[in-house]
Amino acid sequence: MRRPLLYILVLYTIGIIVQYIFHIEPYILGIALGLSVLLLFFLRYKAKGRIVCLFFAIIVLSSLYFQTANQRHTWIKQFEGKEILAVGHVQDVTVKKQDYYRAVVQLQSIEYQDKAVKCSQKLVLNFSGAHENIHRLIGERIQVNGMMVLPASNRNPKCFNYQLYLKTKKIHMMMDAKTEDVYWAKGNAKFLMGHLGQFKYEFQNKIKTIMDDDASGVLIGLLFGDKQFIDDDIYDDFKKNGTAHILAVSGIHMGILYGLLQLFGRNNSLLKDGCITLLMLSYAFISNFSPSVTRAVVMIMIYITSRHLNRKYDLISAVSLTALLFMIHNPYSIFNAGFQLSFAAVFSVGILYPYLKTKIKCQNAFMDMLVVLLAIQLGTVPLVAYHFNYFSYSAFLINIPVILAASVALPIAFLMLPLSIIGGQAFLWTALLEEMFLEALIVMNQWSTYLFRSGSVNVISPPISAVILYYVTLLILAYEVVWKSLMIHKRKMVLIGVLGIIVSFQIGRFWINPYEIIFVDVGQGDCIHIKAPNGKNILVDGGGSLNQNQYDVGEKILAPYLLKNGVSRIDMAFITHLHEDHYKGMLSLMNTLDVKQLALPIHVRSHPLNDEIEKLAEKRKTNIAYLEKNDRILIDKNISIVVFNPKKQSEKSYDDEEENNRSLVLLLDYEGTKTLLTGDIESEIESLLVKEIGNMNADILKVPHHGSNTSSTIHFVNKVNPSIAIIQVGKNNNFGHPSKEVLKRYKEKEIMVYRNDKNGAILINIQRDKIDVKTMLDGDDDEL
């Protein structure tokens with residue numbers, strides 16, 4: 001069997017994914033492993049049967065290993081929410097914002113209620129409060145008093161899962177503490193770790209003083225993969241053009257560094273290769289051992305070893321072994337986007353590049369580079385679409401000059417590292433030269449964005465089945481061994497291929513709920529996503545920060561949520577009223593996704609923001625409708641929306657104090673199941689609705705004004721008489737929402753209450769007379 005490591009890697013990966021999805025009990029896996037071993041014995045004279053059994057055994061062993069590795073960390077969860085004393089070495093420190101820091105600590109022990117437990121877990125430590133020269137903590141042995149917390153999983157469907165991300169870094173818990181509770185502990189510090197951390201910190205400070213902010217930020221990203229100092233607009237240009245990979249320390253960096261180090265000393269010297277390995281490991285440390293840089297270091301070490309053992313170096317076998325070592329060290333590595341992209345790029349060079357080279361005649365080095373870039377683009381495009389929801393059509397062209405410029409900028413940057421220790425004019429002149437190339441990188445990306453009108457398009461996340469089919473197809477086309485094997489049974493393979501295409505693009509339909517309401521977690525604000533049976537998508541409000549300088553909810557939360565859940569267009573959007581936590585995210589979203597129709601309350605015509613909204617709608621070709629009481633909208637033959645508020649006479653000069661009570665109040669009716677969406681109305685409008693409408697009898701109520709004590713009067717709750725109440729409220733909000741008095745009122749009525757701050761997104765599936773409620777965080781599953 002040629003390249004057995006590749007087959008083992010594929011089987012090992014399958015085992016991890018199967019166990020992650022299905023959570024098979026260990027005893028079942030044990031039985032399956034025993035059966036496969038028995039079959040291996042009984043089929044000892046049948047080669048094909050033994051291979052099948054061996055493959056199955058590898059999958060089962062991989063699943064068992066993943067289960068065992070996962071169980072090793074569960075014991076620490078018993079300390080969640082408790083004050084503990086932790087002792088360990090600081091591996092890294094990051095300044096998140098002024099007087100707020102995040103450190104990675106390799107624990108040695110934890111103490112709770114005078115009982116000490118030895119452990120070797122990693123911990124993310126978040127601590128706040130002024131601290132002088134925070135980077136001196138790197139490598140030091142510390143003890144800290146704080147509260148142990150469990151990292152949050154994804155709060156919205158298919159969105160970023162911070163808990164899973166930390167697991168890919170072998171981190172399973174976090175701790176919150178104050179700076180004054182962090183102390184130096186007795187014991188040896190990590191000498192090399194501390195000096196490398198301090199060197200990185202001092203180098204960053206030096207270049208910030210001699211370069212402008214844009215250039216120094218890009219240099220720090222280029223050298224260390226740390227993008228926190230890069231201007232948001234500049235980094236956005238890099239992302240849209242598909243050139244952000246040069247700001248993540250990768251194989252390009254390590255290849256250039258290895259080539260530079262090869263210039264010194266005698267070739268094939270064991271001492272020289274040992275020093276190169278040590279220097280590359282040191283560089284990997286100050287780059288925080290990102291998947292791409294670690295992969296490159298391991299592959300170079302394999303190359304060096306093969307050369308000293310006089311063995312042929314095979315790229316596919318080397319990258320397969322490297323990936324296996326990653327996943328043996330940490331099975332969760334497979335779920336890291338950086339891991340996936342890094343290895344997909346190398347596999348593409350190893351498998352697609354030779355195939356493309358036979359089809360495209362490469363007569364010079366420039367054409368050869370184009371073919372390599374094409375191979376990498378083909379190999380990574382579905383993963384970029386799946387994880388980041390964009391396709392960069394300018395990447396292929398702009399990457400050529402960017403990589404050429406980076407190939408000069410990187411050696412100069414590496415030269416700056418030792419020169420920064422020496423200082424003097426040599427360091428200053430080198431920094432000025434480097435700044436020229438960095439400015440060229442920035443300008444190239446800016447011009448590409450201008451010429452190609454952003455250089456990328458937003459795309460929905462493709463189904464995982466389609467991603468798998470894409471890679472299987474590439475493998476069949478480009479990998480000669482697989483192609484020849486399949487050609488023996490080509491008729492069967494054509495049939496299987498056609499069926500695979502049909503299944504991959506249709507399987508998602510079996511999972512689409514006929515009618516679903518998702519109360520999206522956008523923090524302190526409202527956002528309701530309605531999925532109609534006819535495929536239409538309706539939004540009611542879009543959230544939005546109440547503070548001027550906080551991040552864009554529409555760009556950071558709402559757009560990714562929609563794109564990752566297969567929504568590329570909003571058929572109708574409602575803004576209940578013009579308070580920031582309801583409308584800002586929606587207006588931001590309109591710059592990203594197409595919104596066919598926008599509905600606003602009638603009084604917005606006299607609002608100061610109306611001109612801005614109408615200009616944006618005209619630019620984005622969005623129709624605007626202004627709604628008032630008794631308006632009726634038919635979404636589908638089975639779905640209607642009736643407007644209960646505001647009245648037309650509410651249209652007068654703008655008065656912010658009346659904005660809450662001018663909210664749109666909408667009654668959704670789906671085959672007799674009713675949902676009342678109330679915006680931020682207060683007791684005055686509640687009383688008016690009770691007086692004019694009487695019994696509203698809604699099954700589901702979006703609680704008015706985030707559960708404020710100015711709303712949810714007892715008469716209103718009685719007249720609505722819901723079975724389920726949803727409170728859209730953010731964690732640690734400054735308004736005291738929801739009110740304890742209001743919560744008590746719903747509890748006394750035996751109404752099930754769900755909250756975004758506690759439950760994350762709340763998904764309500766309505767099928768005929770059945771209402772199924774699921775939440776993202778608690779796993780609550782209540783059926784009426």
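Please read all numbers here as calculations on a predicted model, not as lab measurements.

Rules of the game
- Residues numbered from 1 in each chain as written.
- Predicted model: local features only at pLDDT ≥ 70, side-chain atom pairs only at ≥ 80, totals over all residues.
- Heavy atoms only, no water.
- 1 Å grid on protein atoms, 1.4 Å probe; cavity = no way out; pocket = protein on both sides within 12 Å on 5 of 7 lines; lining within 4 Å.
- Points joined across faces, edges and corners; volume = space filled by probe spheres on them.
- Nonpolar A, V, L, I, M, F, W, Y, C, P; charged D, E, K, R; others polar.
- Helix = DSSP H or I, 4+ residues; strand = E, 2+ residues; numbered from the N terminus.
- Core = buried A, V, L, I, M, F, W, Y, C linked by side-chain atoms within 4.5 Å.
- Buried < 20%, exposed > 50% of the residue type's maximum accessible area, 1.4 Å probe, protein only.
- Pairing = 2+ DSSP bridges.
- Axes fitted to C-alpha atoms, helices over the stretch in contact; angles between N-to-C directions.
- pLDDT = per-residue confidence, 0-100.
- Contact = heavy atoms within 4.5 Å.
- Expected span 1.5 Å × (residues − 1).
- Patch = residues over 30% accessible without salt bridge, like charges linked within 9 Å, V, L, I, M, F, W, Y side chains within 5 Å.
- Areas by Shrake-Rupley, 256 points an atom, 1.4 Å probe, with all protein chains shown as cover.
- Salt bridge = Lys/Arg side-chain N within 4 Å of Asp/Glu carboxyl O.
- Lys, Arg positive; Asp, Glu negative; His and termini not counted.
- Charge placed at Lys NZ, Arg CZ, Asp CG, Glu CD.
- Right-handed = clockwise from strand over helix to strand, strands pointing away.
- Parallel < 35°, antiparallel > 145°, perpendicular 65-115°, else oblique.
- Left-handed = near helix turned anticlockwise from the far one by under 90°.
- Polar contact = N/O pair within 3.5 Å; in protein donor to acceptor, adjacent residues only side chain to side chain.
- Phe/Tyr/Trp six-rings, centres within 6.5 Å; stacked < 30°, edge-to-face > 60°.

Caption draft 1: Local environment of empty space enclosed by the protein. Under the defined criterion, the tally for this structure stands at 2 cavities of 30 Å³ or more. Approximately 70 Å³ is the volume found for the largest cavity. Lining the largest cavity we find Phe66, Ala69, Asn70, Arg72, His73, Lys170, His172, His329, Asn330, Pro331 and Tyr332. For the lining of the largest cavity, a count of residues per class yields 4 nonpolar, 5 polar and 2 charged. The computed volume of the second largest cavity comes to approximately 30 Å³. In terms of lining, the second largest cavity is formed by Lys629, Phe644, Asn645, Lys647, Ile685, Leu688, Leu689 and Glu692. Here the element with the most residues in the lining of the second largest cavity is helix 22 (residues 683-692); it accounts for 4 residues. Its residues placed into classes, the lining of the second largest cavity shows 4 nonpolar, 1 polar and 3 charged.

Caption draft 2: Representation of the nonpolar core within the structure. Leu125, Phe127, Leu223, Met254 and Met280 are the most contacted members of the largest nonpolar core, which totals 77 residues. Counting residues per element, this core draws most heavily on helix 14 (residues 395-422), at 11 residues.

Caption draft 3: Inspection of the sheet that holds strand 21 (residues 673-677) at higher detail. Strand order in this open sheet of 7 strands is 18-19-20-21-22-23-24, and the pairing throughout is mixed. Bordering the open sheet on either side are strand 18 (632-636) and strand 24 (752-755), each of which pairs with just one other strand. For this sheet, the mean angle separating the axes of adjacent strands, direction not counted, is 20°. Bridge count for strand 22 (residues 700-702) against strand 23 (residues 724-727) is 3 bridges, and the pairing is parallel. Within strand 23, the residue paired with Lys702 across the bridge is Ile726.

Caption draft 4: How the structure looks around the confidence of the model for the chain. For the chain, mean pLDDT is 89; residues scoring 70 or higher make up 93% of the total. In the predicted structure, residues 780-784 sits below a pLDDT of 50 and forms 22 contacts with residues beyond four places in sequence or in another chain.

Caption draft 5: Region of the structure containing helix 2 (residues 26-42). The end-to-end C-alpha separation of helix 2 is 24 Å, in line with the 24 Å expected for 17 residues at 1.5 Å each. Those residues of helix 2 hidden inside the fold are in contact with helix 1 (4-22) and helix 3 (47-71).

Caption draft 6: Region of the structure containing a negative patch on the surface. Side chains of Asp212, Asp213, Asp214, Asp231, Asp232, Asp233, Asp552 and Glu555 sit close together on the surface and give a patch of like negative charge. Sorting the residues of the negative patch by element identifies helix 6 (213-224) and helix 7 (232-240) as the ones contributing at least two each. You can see Asp213 is positioned in helix 6.

Caption draft 7: Region of interest: the environment of Leu137. Within the element layout of this structure, Leu137 appears in the loop between strand 4 (122-128) and strand 5 (141-149). Residue class for Leu137 comes out buried when judged on its relative accessible area of 2%. Along the chain, Leu137 and Met369 lie 232 residues apart, while their C-alpha atoms are 44 Å from each other. Here Leu137 is in contact with Val90, Val93, Phe127, His131, Ile142 and Trp184, once residues within four sequence places are set aside.

Caption draft 8: Structural context of the pairing of strand 23. Burial along strand 23 is two-sided: the residues Ile724 and Ile726 and Ala725 and Ile727 are all buried. Note on the crossover from strand 22 through helix 23 (residues 714-720) to strand 23: the handedness is right-handed. As defined by bridge partners, strand 23 adjoins strand 24 across 4 bridges and the pair is classed as parallel. Its bridge partner lying in strand 24, Ala725 is registered against Val753. In the classification by handedness, the crossover that spans strand 23, the intervening helix 24 (residues 740-748) and the parallel strand 24 is right-handed.

Caption draft 9: Fine view of the pattern of salt bridges. Following the criterion strictly, the structure yields 15 salt bridges and no others. The shortest N-O distance in the salt bridge between Asp236 and Lys240 comes to 3.0 Å. On the criterion of helical spacing, the pair formed by Asp236 and Lys240 is a turn pair, its members being 4 residues apart in helix 7. According to the relative accessible area criterion, Asp236 is partly exposed, its value standing at 23%.

Caption draft 10: Quick look at the packing of helix 7 against helix 15 (residues 424-451). As a packed pair, helix 7 and helix 15 sit with axes 9 Å apart at the nearest point and diverge in direction by 65°. Comparing the axis directions of helix 7 and helix 15 gives the class roughly perpendicular. Relative to helix 15, the crossing made by helix 7 is left-handed. Across the interface between the two elements, Ile234, Asp237 and Phe238 of helix 7 pack against Leu441, Ile442, Asn445, Gln446 and Thr449 of helix 15. Tallied by class, residues from the contact of helix 7 with helix 15 come to 4 nonpolar, 3 polar and 1 charged.

Caption draft 11: Expanded view of the side chain of Asp541. By the secondary structure assignment, Asp541 is in the loop between strand 12 (537-540) and helix 19 (553-564). Comment: no salt bridge for buried Asp541; closest opposite-charge side chain is Lys702, at 6.3 Å. Side chain to side chain, Asp541 and Thr576 meet in a polar contact 2.8 Å long. Other than its neighbours up to four places away in sequence, Asp541 contacts Asp526, Cys527, Ile528, Phe574, Ile575, Thr576, His577, His582 and Met586.

Caption draft 12: Seen up close, the packing of aromatic side chains. Scanning the model with the defined rule gives 24 aromatic pairs in all. Considering the side-chain rings of Tyr101 and Phe127, the 5.4 Å spacing of their centres and the 40° angle between planes classify their relative orientation as tilted. Here Phe127 lies in strand 4 and Tyr101 lies in strand 2 (residues 100-112), a separation of 26 residues in the sequence. No difference in accessibility class separates Tyr101 from Phe127, as the two residues are buried. Here the aromatic rings of Tyr303 and Tyr313 are separated by 5.3 Å at their centres, their planes lie at 90°, and the arrangement is edge-to-face. Of this pair, Tyr303 sits in helix 10 (residues 291-308) while Tyr313 sits in the loop between helix 10 and helix 11 (315-329), and the two are 10 residues apart along the sequence. For Tyr313, a relative accessible area of 28% corresponds to the partly exposed category.

Caption draft 13: Spotlight on the environment of Met280. Examined against the element boundaries, Met280 turns out to sit in helix 9 (residues 270-286). For Met280, a relative accessible area of 2% translates into the label buried. Considering only alpha carbons, one finds Met280 and Leu257, 23 residues apart in sequence, at a separation of 7.9 Å. Every residue in contact with Met280, bar those within four places of it in the chain, is listed here: Met254, Leu257, Tyr258, Leu261, Val297 and Ile300.

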